[in-house]
Amino acid sequence: MGNSDLPPPPRVEGSSAFGDVVLPDRKRSPWWELGRRLLFALSILVGTVLLVWFDRHGYRDGGDPTNEVDFVDSLYYTTVTLSTTGYGDITPVSERARLINAFVITPARIGFLVLLIGTTLEVLANQGREMFRVARWRRSMNDHVVVIGYGTKGRSAIDTLVRNGIDRDSFVVVDPRPTAREEASSDGLAVIGGDGTRREVLRRAGVDNASQVIVTTDHDATTMMAVLTVRQRNAKAYIVAAVREHDNVPLLRQSGADSVVTSSEAVGRLLGLSSLSPTLGSVMEDLMTYGAGLEVAERDLLVSEVGKQPQTLPDQVIAVVRDEKVYRYFDPVVTLLARGDRLIVVRPSREKPWAPRPGTHNETLADED
C-alpha cells in the first residue's frame with residue numbers, strides 16, 4: 001500500500017466521540033438493577049392480584065350493593081394495599097382471607113416498599129459514587145499512558161509495561177468497540193469509549209497530560225489521524241505507533257510519532273528466519289516473548305563501567321545510547337563507554353530490565369557520581 005493509497009478510516013456504528021469514562025471493576029449498570037427490581041415489584045403486584053382474585057369470596061366491597069369483588073376490585077385492592085394507602089372500602093371478612101392478609105399480603109407489602117425505596121436510593125448512591133470516582137480519577141491522571149486500540153497489539157504492549165513495573169492504574173484505553181472496552185475493563189483498566197481520532201475523546205482520556213501514547217489501531221489511516229490529533233494536543237508525549245505497511249512509516253513520523261513499528265514486516269522477517277534456520281527463528285521468538293529465556297533490556301551505565309569497552313561487560317551489550325542516538329556496540333563512536341551512556345543488553349528474562357547484573361544493584365550509576 002503506497003502513501004497515496006491509504007483507505008478511509010473505518011466507521012464504527014454506534015460509537016460516539018463523546019464516550020463515557022468506564023473505570024475497572026465496575027458492576028452492572030444502575031439502570032439494569034432498576035429494571036430488575038421493578039420486574040420483581042411487578043411480580044409481587046401480579047401475584048397479589050391473583051391471590052385476591054382467587055380468594056375474592058372472602059372479601060367484601062363496601063361500595064358495591066352486592067358486596068362482590070371482581071377482577072378490577074382485586075387490582076384496586078392490591079394497589080392501595082401494597083402502597084399502604086388502604087381506603088378500607090374493600091376488606092377481608094373471612095378467616096382465611098384475614099390470615100392470607102396477615103401472613104402473605106403484609107410481607108408482600110413490605111417487600112414492595114423496600115424494592116421501590118431501596119432501588120431509588122441505590123440508583124442515586126451508585127450514580128453519585130461513580131461520578132465521584134471519575135472526578136477523582138481525572139484529578140489523579142498525570143504522566144499516564146494512553147493506549148488507542150485494545151486489540152492483540154495494544155493488550156501485549158500493556159502487559160509488557162505492567163511486567164516492567166508500570167501500574168495498571170496508569171493506563172487509559174481508548175477504543176470505540178464494545179467488546180474491546182469490556183475486555184479492557186475486565187482486565188482492570190480505565191476505558192474511554194469513542195474514536196481515538198477525535199479531540200474530545202482524547203481530552204477525556206487526559207492525553208494532554210499523558211507521558212506516553214501507544215497507537216495500535218487496525219488501519220494505518222486511522223493510526224495516522226490519531227497520531228496527528230495526539231501530537232496537536234500534546235507536544236511532549238512520547239508517541240509509539242504500529243502500522244501494517246512499511247511505506248507508511250515516513251508519514252507516521254511526519255505526523256508526530258517518535259517510534260513506528262511495522263507489524264507485518266516484523267512477522268514476515270520472523271517467518272523468513274524460521275524458514276532459513278529454525279534455531280535462529282526460535283532465538284528471535286525467545287527475544288520477542290516476555291517471561292522466559294532471553295530478554296532485550298535497557299539499563300544505566302555504572303561508575304565502574306565508565307571507560308570500558310562494551311564487549312568486556314558482564315551483560316551482552318548489543319547497542320549503546322549516547323546523546324539520544326543509538327550506536328551498535330562495534331561502532332567506533334562508542335569504543336569506550338562514557339558517563340551518561342545507556343546500554344541495550346540481552347540478559348535472562350528473570351532479571352529486571354533496568355537493573356545492573358545481580359550483585360551490583362547497589363552500585364553507583366555513572367550519572368549519579
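Values in this document were obtained by computation on a predicted structure and should not be read as measured data.

Asks: Go over the packing of aromatic side chains with me, naming the residues and quoting the values.
Replies: A full pass over the atoms with the stated rule returns 1 aromatic pair. The interplanar angle of 80° and the centroid separation of 5.3 Å between the aromatic rings of Y329 and F330 together place this pair among those described as edge-to-face. Given a relative accessible area of 34%, Y329 falls into the partly exposed group. With a relative accessible area of 58%, F330 lands in the exposed category.

Asks: Can you tell me about unusual backbone geometry, naming the residues and giving the values?
Replies: The backbone of D323 sits at a positive phi, close to 55°, despite the residue not being glycine. Its location among the elements puts D323 in the loop between β11 (316-322) and β12 (325-328).

Asks: Explain the environment of S211 to me, and be specific about the residues and the numbers.
Replies: Tracing the backbone through its elements, the reader meets S211 in the loop between α6 (199-204) and β7 (212-215). Separated by 28 residues in sequence, S211 and I239 have C-alpha atoms that sit 8.7 Å apart. Every residue in contact with S211, bar those within four places of it in the chain, is listed here: D143, H144, A237 and Y238. At a separation of 3.2 Å, a polar atom in the side chain of S211 contacts the main-chain carbonyl oxygen of D143.

Asks: Go over helix α4 (residues 152-163), please, and point to the residues and values.
Replies: The end-to-end C-alpha separation of α4 is 16 Å, in line with the 16 Å expected for 12 residues at 1.5 Å each. If you follow the buried residues of α4, they end up packed against β4 (145-148), β5 (171-175) and β7. Looking one or two places after α4, you find G165, whose phi comes out positive at around 105°.

Asks: Please provide a residue-by-residue account of a nonpolar patch on the surface, values included.
Replies: A cluster of nonpolar side chains, contributed by L39, L42, V46, L50, F54, F71 and L75, occupies part of the molecular surface with about 670 Å² of accessible area. Looking at the nonpolar patch, the elements that each hand over two or more residues are α1 (30-54) and α2 (71-82). Looking at the nonpolar patch element by element, the count peaks at 5 residues for α1. You can see L75 is positioned in helix α2. The exposure class of L75 is partly exposed, given its relative accessible area of 38%.

Asks: Account for the pattern of salt bridges, with residues named and values stated.
Replies: Between side chains of opposite charge, a pair can form as their charged atoms come close. Under the definition given, this model contains 14 salt bridges. A salt bridge links D159 to R168; the nearest nitrogen and oxygen atoms lie 3.4 Å apart. Taking the relative accessible area as the measure of exposure, D159 reaches 23% and is therefore partly exposed. Its salt-bridge partner being E200, residue R203 comes within 2.5 Å of it at the nearest N-O pair. Taken together, the residues span about one helical turn, with R203 and E200 both in helix α6 at a distance of 3 residues. Of the residues examined, R203 reaches a relative accessible area of 40% and is grouped as partly exposed. Within the structure, one salt-bridge network assembled from shared partners comprises D175, R177 and D218.

Asks: Quick rundown of the confidence of the model for the chain? Include the residues and the values.
Replies: Looking at the chain as a whole, the pLDDT averages 76, with 69% of positions reaching at least 70. Mean pLDDT across the elements of the chain bottoms out in strand β1 (residues 21-22) (60) and peaks in β7 (93). Across residues 358-363, where pLDDT falls below 50, the model places 6 contacts with residues more than four positions away in sequence or in other chains.

Asks: Hey, could you go over the nonpolar core for me, with residue numbers and the actual values?
Replies: I148, V213, V215 and L252 are the most contacted members of the largest nonpolar core, which totals 26 residues. Looking at this core, the elements with two or more residues in it are β4, β5, α6, β7, α7 (220-233), β8 (238-243) and α8 (249-255). Looking at which element gives the most residues to this core, the answer is α7, with 4 residues. Among all residues touching L252, those that are not within four sequence positions of it are T223, M224, V227, A241, V243, A257 and V260.

Scoring rules and cut-offs
One numbering rule holds for all chains: residues counted from 1, following each sequence as written. Residues qualify for local features only when their pLDDT is at least 70, as the model is predicted, and side-chain atom pairs are given and counted only at 80 or more; totals for whole chains, interfaces and linings, by contrast, use all residues. Excluding hydrogens and water, the side-chain figures rest on all heavy atoms present in the structure. Two rings from Phe, Tyr or Trp (for Trp, the six-membered ring) form a pair when their centres sit within 6.5 Å of each other. Planes less than 30 degrees apart are called stacked, planes more than 60 degrees apart edge-to-face, and all others tilted. Classification of residues uses two cut-offs on accessible area relative to the type maximum, computed with a 1.4 Å probe and protein chains only: under 20% is buried, over 50% is exposed, and between them is partly exposed. Going along the chain from the N terminus, every DSSP run of H or I of four or more residues is numbered as a helix, and every run of E of two or more is numbered as a strand. Residue contacts follow a heavy-atom distance rule, with two residues in contact if any of their heavy atoms lie within 4.5 Å. Pairs of N or O atoms are called polar contacts if they sit within 3.5 Å, as long as, within protein, a hydrogen donor faces a hydrogen acceptor (for residues adjacent in sequence, only side-chain-to-side-chain pairs). Under the convention used throughout, the expected extent of a helix is 1.5 Å for every residue step, that is, one less than its residue count. Candidates for patches are residues over 30% relative accessible area with no salt bridge; among them, like charges are joined within 9 Å and nonpolar side chains (Val, Leu, Ile, Met, Phe, Trp, Tyr) within 5 Å. The protein chains shown are the only cover counted for residues, whose accessible areas, like all others here, come from Shrake-Rupley with a 1.4 Å probe. By salt bridge we mean one thing: a side-chain nitrogen of Lys or Arg within 4 Å of a carboxyl oxygen of Asp or Glu. A residue's pLDDT is simply how confident the predictor is in it, with values from 0 to 100. What makes a nonpolar core is a set of buried Ala, Val, Leu, Ile, Met, Phe, Trp, Tyr and Cys residues whose side-chain atoms join them at distances within 4.5 Å.

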